[in-house]
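Commentary on secondary and tertiary structure
Here are the chains, one letter per residue:
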Amino acid sequence: MKAWTVTTLAEPRDALHLAERPAPEAIPGTVVLATRAVALNFPDVLLCRGQYQEKPALPFIPGIELCGTVTAIGDGVTGIAPGDRVIASHLGVMAELVQVPAAAVFPAPDSLSDAEAAALCIGYQTGYFGLHRRARIAPGETLLVHAAAGGVGTAAVQLGKAAGATVIGVVGNEAKRRVAEEAGADIVVNRTTEDFVEVVNTATAGRGADIIYDPVGGETFDRSTRCIAFEGRIVVVGFAGGTLQAARMNHALVKNYSLLGLHWALYTKRAPELVREAHEQLTLLADKGLVRPLVTETVPFASAPDAVQRLGDGLTAGRVVLAL
C-alpha cells in the first residue's frame, strides 16, 4: 500500500515522501480501514517539524483523522463489521490502509459526506468538550472564537450557535471573514484592521464575552483578558500563535474569571465513555443540520505535501481534506 511517510524532520513539503509500506493486519482489539478521506490538522504540520508533543520515531506516517471503510476486525472487537463506514482519530492514517484501535472508531453520520465525516472528530470533539463540559455554555451567552476560520474555529462557531450563543469570530483577513460568516458567526473581526477587544466590549455594552475560545495563545490570550466578562471563562485549547502565554492569576482574581485547559486526547485515555457520548451528540447535531464541517478544499492524496505546507503557512481556511 502507499503511505505518506516522514523520513526527516523538516517543513512538510520536504518531510513527506510517498512510499510503499506493508499492508496492516487486524490484531486483537483493532480494525483495519480502507481510507476514503483524511482531514488535515495543524498537528500534522507540527509532526513533520518535530514540534508536536508526541514524537514518533522516524520514519513514521502522519495523519490523525479519517473516514474509512472497515475491511477487517481483530479478535475481541464487537459492534463493528466489515463494510461499515466509520471515522477514527489515530496517529498514522495518511495511508491507503490503516490499523486503528477499535475504541477509536465511531460510525460515520449518514448526513455527512466522506470529506465532512473525516473532519468531524478532533475539532468538533474539542469544541464540544471545551464549550459544553469545561465552559458550560448557556443560551444567550456571548462566545468569542479566535482563529474562527480554521478547522477548530469553525467547529466552535457552529457549536456555539447550536447552543444558543451569540458568536463573535476573530480572523486574519477578509477571505477568512467570509469563511467565519459561512460557519455562522454573528460578528466577525478582522484582527489586522480592527481591535477585537473594542468590538467585543462595544457589542456587549461593556460586559465582555462570557466565553473566550482560544487556540492561538500568546498575545491573543493576553488581550482576551481585557474583554472577558465577570465570571467569564477562557478556554485554552492550543498555542497556534507559537508563544506560550503566562497567565496573570492576580488579574483573574480581580476580574473573577476562570482559565480552563482543554486537552481532548486526555478524555480518550481517562474517560472514553464521554468521547463516545460526545460523538453521539455531534451526530444528532449533524443530522439536524446544526453542525457540518466546513470543507473548503478536497485535494488528491498525491497532493498531501503541498496541502500540509499551506496549512502550516496559514494559507488555508476551514478544513482541507485528502481524498482517496
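What counts, and at which threshold
Residues numbered from 1 in each chain as written. Predicted model: local features only at pLDDT ≥ 70, side-chain atom pairs only at ≥ 80, totals over all residues. Heavy atoms only, no water. Helix = DSSP H or I, 4+ residues; strand = E, 2+ residues; numbered from the N terminus. Rg over C-alpha atoms; globule rule 2.2 N^0.38 Å. Buried < 20%, exposed > 50% of the residue type's maximum accessible area, 1.4 Å probe, protein only. Core = buried A, V, L, I, M, F, W, Y, C linked by side-chain atoms within 4.5 Å. Contact = heavy atoms within 4.5 Å. Pairing = 2+ DSSP bridges. Right-handed = clockwise from strand over helix to strand, strands pointing away. Phe/Tyr/Trp six-rings, centres within 6.5 Å; stacked < 30°, edge-to-face > 60°. Lys NZ or Arg CZ within 6 Å of the ring centre and 35° of its normal. Polar contact = N/O pair within 3.5 Å; in protein donor to acceptor, adjacent residues only side chain to side chain. Axes fitted to C-alpha atoms, helices over the stretch in contact; angles between N-to-C directions.

Turning next to the overall build of the chain. Each helix and strand counted, the chain has 12 helices and 15 strands in total. Computed over its C-alpha atoms, the radius of gyration of the chain comes to 20 Å, within 12% of the 20 Å expected for a compact globule of 324 residues. If one aligns the C-alpha atoms of the chain with their principal axes, the spans along those axes are about 60 × 40 × 35 Å. Among the 324 residues that make up the chain, the fraction classed as buried is 54%.

L33, M94, L143 and L322 are the most contacted members of the largest nonpolar core, which totals 95 residues. No other element matches helix 11 (residues 272–287), which puts six residues into this core. The contact partners of L322, leaving out residues within four places of it in the chain, are R36, A37, V38, L40, M94, V299, P300, F301, A304 and A307. Counting residues in hydrophobic clusters, the runner-up holds 16 residues, among them V189, F196, V200 and I228.

In the case of a regular strand, side chains alternate between the two sheet surfaces. When you tally the buried positions in strand 12 (residues 228–236), you get seven out of nine residues, the bulk of the element. Bridge count between strand 11 (residues 209–214) and strand 12: five bridges; the pairing is parallel. Along strand 12, the bridge assignment pairs I212 with I234. This β-α-β element, strand 11 to helix 8 (residues 219–224) to strand 12, shows right-handed connectivity. Pairing geometry for strand 12 and strand 13 (residues 258–261), over four bridges, is parallel. Pairing of V235 across the sheet is with L260, part of strand 13.

A few words now on the packing of aromatic side chains. All chains considered together, the criterion is met by three aromatic pairs. Between F129 and Y267 the ring centres are 4.1 Å apart and the planes differ by 15°, which places this aromatic pair in the stacked class. In this pair, F129 is assigned in helix 4 (residues 122–134) and Y267 in helix 10 (residues 264–270), connecting sequence segments 138 residues apart. Judged by relative accessible area, which is 15%, Y267 ranks as buried. Ring-pair connections join several aromatic residues into one group, and the members of that group are Y128, F129 and Y267. Of note, R223 hangs over the ring of F196, and the distance from its end group to the ring centre comes to 4.8 Å.

Looking at the element boundaries, T225 is found in the loop between helix 8 and strand 12. Within the structure, T225 has its side chain in polar contact with the backbone oxygen of D222 (distance 2.6 Å). Sequence-distant contacts of T225, that is, excluding residues within four places in its chain, are made with I234, R248, H251, K255 and Y257.

With parallel pairing, six strands are arranged side by side in an open sheet as 10-9-8-11-12-13. Only two strands of the sheet have a single partner each, and these edge strands are strand 10 (187–190) and strand 13. Mean inter-strand twist for the sheet, computed between neighbouring axes without regard to direction, equals 20°. Its contacts with the sheet put helix 5 (residues 151–162) on strand 8 (142–145), strand 9 (166–171) and strand 11, and the angle it makes with strand 8 is roughly 170°. The strands that helix 6 (residues 174–183) touches are strand 9 and strand 10; relative to strand 10, the one it contacts most, it runs at about 160°.

Before going further, it helps to spend a moment on helix 12 (residues 304–312). Burial within helix 12 is extensive, with eight of its nine residues counted as buried. Burial in helix 12 covers these residues: A304, P305, A307, V308, Q309, R310, L311 and G312. Contact partners of the buried residues in helix 12: strand 1 (2–6), helix 1 (12–15), strand 2 (16–20), helix 2 (42–49), strand 14 (295–300) and strand 15 (319–323). Note on helix 12: the residue one or two positions beyond its end, G314, has a positive phi of about 75°.

Looking at where A102 falls in the secondary structure, it is placed in the loop between strand 6 (97–101) and strand 7 (105–107). Overall, A102 belongs to the buried group, its relative accessible area being 15%. Placed 132 residues apart in sequence, A102 and I234 show a C-alpha to C-alpha distance of 34 Å.

Scope: geometric values only; no functional claims are made or implied.
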